[in-house]
Amino acid sequence: MITIRAHTATDNPPLVALWERSVRTTHHFLSEMEIDALRTLVARHYLPALDVWVADEAQHGPRGFIGLSDNHVEILFIEAAARGRGIGRRLLDYAVALRGDLTLDVNEHNPQALGFYQHYGFVQTGRSEVDAQGNSFPLLHMQWHKR
């Protein structure tokens, strides 16, 4: 059974490890150097600075997490072995309950994530040629409105 709970500092090491397993499954366009740099950013910036919620499973621990800045989804990652079980939807539902309408950016080179967000009801509102770190990984800006 999955429960969603607030992130604590003790979650950081397992969430960073979860993040890396997820990224290695879905972000084949990233080099080892880019993964290393992003791992540091997740551990030192995103997890401490964002409003992070963890999808926890009693027998397995964290299975996914979402990080919010106001109504913007900054990060959403699911354990590679737990994908397709509705955990991402549960985390987005939780974020909607907390914040209402949501925005996010998804990497154009991650078609699985793009498809997931479109299936949830997000629509594209724009595009950037570079990611937040200035790398040549185009981002699609997306928005979800309560109907």
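Above this note sits the structure.
Residues numbered from 1 in each chain as written. Predicted model: local features only at pLDDT ≥ 70, side-chain atom pairs only at ≥ 80, totals over all residues. Heavy atoms only, no water.

Visitor: Requested: an account of helix α4 (residues 111-120), with residues and values cited.
Guide: Residue pairs spaced three or four apart in an α-helix point in one direction, given the helix's 3.6 residues per turn. Ala-113, Leu-114, Tyr-117 and Tyr-120 are the residues of α4 that are buried. The arc that holds the buried residues of α4, viewed along the axis, is 125 degrees, so those residues lie on one side. Summarising the geometry of α4, the exposed residues directed more than 90 degrees from the buried face are Pro-111 and His-119. (Buried < 20%, exposed > 50% of the residue type's maximum accessible area, 1.4 Å probe, protein only. Helix = DSSP H or I, 4+ residues; strand = E, 2+ residues; numbered from the N terminus. Arc of directions from axis to C-beta.)

Visitor: I'd like a rundown of the environment of Ala-81, residues and numbers included.
Guide: Inspection of the secondary structure puts Ala-81 in the loop between β4 (72-78) and α3 (87-99). Taking relative accessible area as the criterion, Ala-81 reaches 68% and is therefore assigned exposed. C-alpha separation for the pair Ala-81 and Ser-22, spaced 59 residues apart in sequence, amounts to 8.6 Å.

Visitor: Run through the sheet that holds strand β6 (residues 123-128), naming residues and quoting values.
Guide: Taken in spatial order, the seven strands line up as β1-β2-β3-β4-β5-β7-β6 in an open sheet, and their pairing is mixed. Two strands close off the open sheet at either side, each with one partner strand: β1 (2-6) and β6. In this sheet, neighbouring strand axes are inclined to one another by 30 degrees on average, regardless of whether the strands run parallel or antiparallel. Across six bridges, strand β5 (residues 102-107) lies against strand β7 (residues 139-144) in antiparallel orientation. (Pairing = 2+ DSSP bridges. Axes fitted to C-alpha atoms, helices over the stretch in contact; angles between N-to-C directions.)

Visitor: Break down the nonpolar core for me, with residues and values.
Guide: Ranked by size, the top nonpolar core spans 26 residues in total, and within it Ile-66, Leu-92, Tyr-117 and Phe-122 carry the most contacts. When contributions to this core are tallied by element, the ones reaching two or more residues are β1, β2 (51-57), β3 (61-69), β4, α3, β5, α4 and β7. Per-element accounting of this core gives the leading share, five residues, to α3. Discounting chain neighbours no more than four positions away, the residues touching Tyr-117 are Leu-76, Leu-92, Leu-104, Val-106, Phe-122 and Met-142. One finds Val-16, Val-52, Ile-75 and Phe-77 within the second-largest nonpolar core, a separate group that totals 17 residues. (Core = buried A, V, L, I, M, F, W, Y, C linked by side-chain atoms within 4.5 Å. Contact = heavy atoms within 4.5 Å.)

Visitor: Describe unusual backbone geometry, and please don't skip the residues or the numbers.
Guide: One non-glycine residue, Asp-70, lies in the positive phi region at around 55 degrees. Checked against the element boundaries, Asp-70 lands in the loop between β3 and β4. The class for Asp-70 is exposed, based on a relative accessible area of 61%.

Visitor: Account for the packing of helix α1 (residues 12-26) against helix α2 (residues 32-49), with residues named and values stated.
Guide: Closest axis-to-axis distance for the α1/α2 pair is 10 Å, and the angle between their directions is 145 degrees. Our pair here, α1 against α2, has a crossing hand that is right-handed. Only Glu-32, Ile-35, Leu-38, Arg-39, Val-42, Ala-43 and Leu-47 of α2 make contact with α1, whose side of the interface consists of Asn-12, Leu-15, Val-16, Trp-19, Glu-20, Val-23 and Arg-24. Across the contact of α1 with α2, the residue classes tally to nine nonpolar, one polar and four charged. (Left-handed = near helix turned anticlockwise from the far one by under 90°. Nonpolar A, V, L, I, M, F, W, Y, C, P; charged D, E, K, R; others polar.)

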